[in-house]
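Per-entry structural report
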Amino acid sequence: MHLRGATKDDVPEILEIYNQVLRDSTAIYDDTPSTLDERHAWFEERQEKGFPVFVVEHDGRVLGFGSYGPWRTRWGYRFTVEHSVHVHIDHRGKGVGGVLVRALIAHAKQAGKHVMMGGIDAENVNSIRFHERFGFVEVGRARQVARKFDRWLDLVTMQLFLEDASVST
């Protein structure tokens, strides 16, 4: 596995992973697959605003991607970011997510950020435990705030103080 900054050439594989996660899980609270143009616009906006997009690849294939961006858009929140990590279905549980989260934490610390947030579907216990291993703690649980697959979904908000974060987890 090799971690690197994503390039525009990675966007089609990022799109494939994103749409698979959207289609088959509650990790993304949406029901409309993204288009290649939308993913390119997302990628370009991240680049323009100085936010990272990382990929983990093996044998020329993207296994997963991660990024962070603003948690809220108002000026006072500028030291807080929200991250997102998605791994190809065939490569989950093999360390790809950990490589990406460590890279995002390290980048955010170096960029002078103070807090990293994450929003996780409450039924995704594996993701909640995964984040706890990196020091994230649950700071909120919003009940029935989303609907997908004909059921109400609860959102867990997790928080990490970056000064206390260890990237060696």
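Located above this text is the structure these notes cover.
A brief structural summary.

What counts, and at which threshold
- Every chain is numbered independently, its residues counted from 1 as its sequence is written.
- Reporting in this predicted model follows two pLDDT cut-offs: at least 70 for local features of residues, and 80 or more for side-chain atom pairs to be given and counted; totals over whole chains, interfaces and linings ignore these cut-offs and use all residues.
- Note that water and hydrogens are dropped before the side-chain values are worked out from all heavy atoms of the structure.
- The way it works is that DSSP assigns letters per residue, a run of H or I at least four long becomes a helix, a run of E at least two long becomes a strand, and they are numbered from the N terminus.
- The span one expects for a helix is its residue count, reduced by one, times 1.5 Å.
- Burial status follows relative accessibility: with a 1.4 Å probe on protein chains alone, a residue under 20% of its type maximum counts as buried, one over 50% as exposed, and anything between as partly exposed.
- In summary, the pairing rule links any two rings of Phe, Tyr or Trp, Trp by its six-membered ring, whose centres are within 6.5 Å, and it sorts them by plane angle into stacked for under 30 degrees, edge-to-face for over 60 and tilted for everything else.
- Throughout this description, the term charge over a ring refers to an Arg CZ or Lys NZ atom that lies within 6 Å of the ring centre and within 35 degrees of the ring normal.

1. Here we look at helix α1 (residues 11–24)
The periodicity of an α-helix, 3.6 residues per turn, causes residues three or four places apart in sequence to face the same way. In this model α1 runs 20 Å from its N-terminal to its C-terminal C-alpha over 14 residues, within 8% of the 20 Å that 1.5 Å per residue would give. Buried residues dominate α1, accounting for 10 of its 14 residues. Inspection of α1 places V11, E13, I14, L15, I17, Y18, N19, Q20, V21 and L22 among the buried residues, and these make up the whole buried set.

2. Observations concerning unusual backbone geometry
You will see that Q144, though not glycine, has its phi angle at about 50 degrees, which is positive. Structurally, Q144 is set in strand β6 (residues 137–148).

3. Considerations on the packing of aromatic side chains
Within the structure shown, the criterion is met by 4 aromatic pairs. Ring centres of W42 and F65 lie 6.0 Å apart, and the angle between their planes is 75 degrees; on these two criteria the pair is classed as edge-to-face. Here W42, found in helix α2 (residues 36–48), pairs with F65, found in strand β3 (residues 61–70); they are 23 residues apart in sequence, far enough to count as distant. When sorted by exposure, W42 lands in the same class as F65, which is buried. Of note, R39 hangs over the ring of W42, and the distance from its end group to the ring centre comes to 4.7 Å. Above the plane of the ring of W75 lies R78, whose end atom (NZ or CZ) is 3.6 Å from the centre.

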